[in-house]
Amino acid sequence: MVKINEVAQAAGVSISTVSYALSGKRPISPDTRRRIEKAVHELGYSPNAGARMLAGSRTQIFALTEPLRKDTHAPTHMAFVLATAVAARRNDYDILLLTDEDATAGMSRVASNGLVDAILVLDVAPDDERVKLARAISTPTIFIGIPNDNAGLVCVDLDFAAAAELAVDRLADAGHRAIGLVGQPEVSYEMSNFPPRVLAAFEKRAGERDIQSGFGATGSKHTSRTATRRTVARLLDEGATALVLHCTEEAHVVVLGELAERGLRVPEDVSLISVGASFDTAALRTPVDMIPLVPQTSCDLAVDLALQSLGEDRPEPGLRLIDPVYAAHGSLAAPPGGSAD
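Reference entry: report on the structure contained in this document.

Rules of the game
Residues numbered from 1 in each chain as written. Predicted model: local features only at pLDDT ≥ 70, side-chain atom pairs only at ≥ 80, totals over all residues. Heavy atoms only, no water. Helix = DSSP H or I, 4+ residues; strand = E, 2+ residues; numbered from the N terminus. Rg over C-alpha atoms; globule rule 2.2 N^0.38 Å. Buried < 20%, exposed > 50% of the residue type's maximum accessible area, 1.4 Å probe, protein only. Contact = heavy atoms within 4.5 Å. Areas by Shrake-Rupley, 256 points an atom, 1.4 Å probe, with all protein chains shown as cover. Lys, Arg positive; Asp, Glu negative; His and termini not counted. Charge placed at Lys NZ, Arg CZ, Asp CG, Glu CD. Phe/Tyr/Trp six-rings, centres within 6.5 Å; stacked < 30°, edge-to-face > 60°. Axes fitted to C-alpha atoms, helices over the stretch in contact; angles between N-to-C directions. Left-handed = near helix turned anticlockwise from the far one by under 90°. Nonpolar A, V, L, I, M, F, W, Y, C, P; charged D, E, K, R; others polar. Salt bridge = Lys/Arg side-chain N within 4 Å of Asp/Glu carboxyl O. Expected span 1.5 Å × (residues − 1). Pairing = 2+ DSSP bridges. 1 Å grid on protein atoms, 1.4 Å probe; cavity = no way out; pocket = protein on both sides within 12 Å on 5 of 7 lines; lining within 4 Å. Points joined across faces, edges and corners; volume = space filled by probe spheres on them. Core = buried A, V, L, I, M, F, W, Y, C linked by side-chain atoms within 4.5 Å.

### A word on the overall build of the protein chain
The secondary structure content of the protein chain amounts to 13 helices and 11 strands. For the protein chain, the C-alpha radius of gyration of 25 Å lies well beyond 20 Å, the compact-globule estimate for 341 residues. For the C-alpha atoms alone, the extent of the protein chain along its principal axes is close to 85 × 35 × 35 Å. Evaluated residue by residue, the protein chain yields a buried proportion of 48% over its 341 residues. Partitioning the intrachain contacts of the protein chain with sequence separation of at least 6 by distance along the chain shows that 69% fall at a separation of at least 24. Taken as a whole, the protein chain presents about 16000 Å² of accessible surface, with 51% of it coming from carbon and sulfur. On the protein chain, the mean spot of the 33 positive side-chain charges and the mean spot of the 44 negative ones are 7 Å from each other.

See below:
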């Protein structure tokens, strides 16, 4: 790495003069400043974060607060971490990942010492402790997810309610009159912001379309296979001819296995639609229609808003909901003996 003394030598000035020019602590003549800037550019010198803060310039770092808890579904969360890092790097930014289980600790630390230009918030809980902190600090903060109390915040997310409604509408239009929702683990309905929105919208839309609806969770990490099989069995026994899957990739595999053991074909006997999956359901042993959650779409928008928040034209507080898109893979058909409305 190029050191400050090398910059000073190339510019023909003292080390202290280079330091003053970078920190802005003392006035430097225009000619001397130009020589220093030329040396910095040609040598590829990168002043440390402290000097940039003293000069009032950007650190080129975003913090990403993503608390890793024992119930965290790592593949999904890491997909968002990667998508955020890619979007940031495309804009010449690096990501400082904050994984403290006490989610406010790291966020408060980077905000107080000015290490980052903005903070991106992942794994948003309905009653998220970072909401209060985001309102108290001056560092721009973007939520990738929607807490219940979101007044005055900038939030980005898939429109999960619209996605659930779209799934119900597709199945209702195909003639299904009884639909089951295979949901997330039970803890997700307390700790995550989006599963309750999917469930509420699913039940509301089913009622509006005069559809019989049922719901079941998929259990914890250690009981997910048993809980998922139990949920599928119950929903089918209650008469469901279609299932909406809002669950992990592992649970999708269990659902398909349970249907196969019962001798049920997709879509001839049971139709399936996956809602909010961040993995490719077309790659499952039986491809499943999906309304995907695309991490890159959410994270690209969040990074754009973070960059905008650093300028004069700051984004207005509010929700930025991403419209759901339906991808057909051949798992939707009319129910046995039925026809589309």
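From this point, the narrative continues.
### Here we look at the packing of aromatic side chains
Tallied over the entire structure, the rule returns three aromatic pairs. Considering the side-chain rings of Phe62 and Tyr93, the 4.0 Å spacing of their centres and the 10 degrees angle between planes classify their relative orientation as stacked. In this pair, Phe62 is assigned in strand 1 (residues 61–65) and Tyr93 in the loop between helix 5 (74–90) and strand 2 (94–98), connecting sequence segments 31 residues apart. One exposure class covers both Phe62 and Tyr93, and it is buried. Summarising the aromatic geometry, the rings of Phe160 and Phe194 are spaced 4.9 Å apart at their centres and angled 20 degrees between planes, so their arrangement reads as stacked. With Phe160 in helix 8 (residues 160–173) and Phe194 in helix 10 (residues 194–208), the pair connects residues that are 34 residues apart, well separated along the chain.

### Things to note about the side chain of Thr228
Relative to the assigned elements, Thr228 resides in helix 11 (residues 224–237). With residues up to four places along the chain from it excluded, the contact list for Thr228 reads Thr218, Ala251, Val254 and Val255.

### Regarding the packing of helix 8 against helix 10
Axes are the key here: two packed helices are described by the angle between their axes and the distance separating the axes. Running from amino to carboxyl end, helix 8 crosses helix 10 at an angle of 35 degrees, the nearest separation of the two axes being 8 Å. The crossing of helix 8 and helix 10 is right-handed. Of helix 10, the residues touching helix 8 (which contributes Phe160, Ala161, Ala164, Glu165, Val168 and Asp169) are Phe194, Arg197, Val198, Ala201, Phe202, Arg205 and Ala206. Grouping the constituent residues of the contact of helix 8 with helix 10 by class yields nine nonpolar, no polar and four charged.

### A few points about the pattern of salt bridges
If the charged atoms of two oppositely charged side chains come close together, the side chains can form a pair. All chains considered together, the criterion is met by 19 salt bridges. We note a salt bridge from Asp237 to Arg262, for which the minimum N-O separation is 3.5 Å. Taken as a pair, Asp237 in helix 11 and Arg262 in the loop between helix 12 (249–261) and strand 9 (271–275) lie far apart in primary sequence, 25 residues in all. Since its relative accessible area comes to 60%, Asp237 is described here as exposed. Salt bridges sharing partners connect three or more residues here, namely Asp169, Asp173, Lys204, Arg205, Glu208 and Arg209.

### A closer look at helix 10
Relative to the 21 Å expected for 15 residues at 1.5 Å per residue, helix 10 spans 21 Å between its end C-alpha atoms, a close match to the ideal helical length. Within the sequence span of helix 10, burial applies to Pro195, Val198, Leu199, Ala201, Phe202 and Ala206. The inward-facing, buried residues of helix 10 contact helix 8, strand 6 (178–182), helix 9 (188–191), strand 7 (212–216) and strand 8 (242–245).

### A short note on the sheet that holds strand 10 (residues 289–291)
An order of 7-6-8-9-10 is seen for the five strands of this open sheet, with the pairing classed as parallel. Of all strands in the sheet, those bounded by a partner on one side alone are strand 7 and strand 10. Put simply, the sheet's adjacent strands are angled 20 degrees from each other on average, direction ignored. Pairing of strand 6 with strand 8 involves four bridges; the strand directions are parallel. Counted as the bridge partner of Val182 is Leu245 from strand 8.

### Section: empty space enclosed by the protein
Within this structure, the stated rule accounts for one cavity of 30 Å³ or more. In this structure, the largest cavity spans a volume of roughly 30 Å³. Ala178, Ile179, Gly180, Gln212, Ser213, Gly214, Leu235, Glu238 and Ala240 are the residues that line the largest cavity. When contributions to the lining of the largest cavity are tallied by element, the ones reaching two or more residues are strand 6 and strand 7.

### Examining the nonpolar core
Phe62, Leu120, Ile142, Ile179, Phe202, Val244 and Ile291 are the most contacted members of the largest nonpolar core, which has 45 residues in total. Looking at this core element by element, the count peaks at seven residues for helix 8. If you look at the next biggest cluster of nonpolar residues, it comprises 17 residues, including Ala111, Val121, Leu133 and Ala134.

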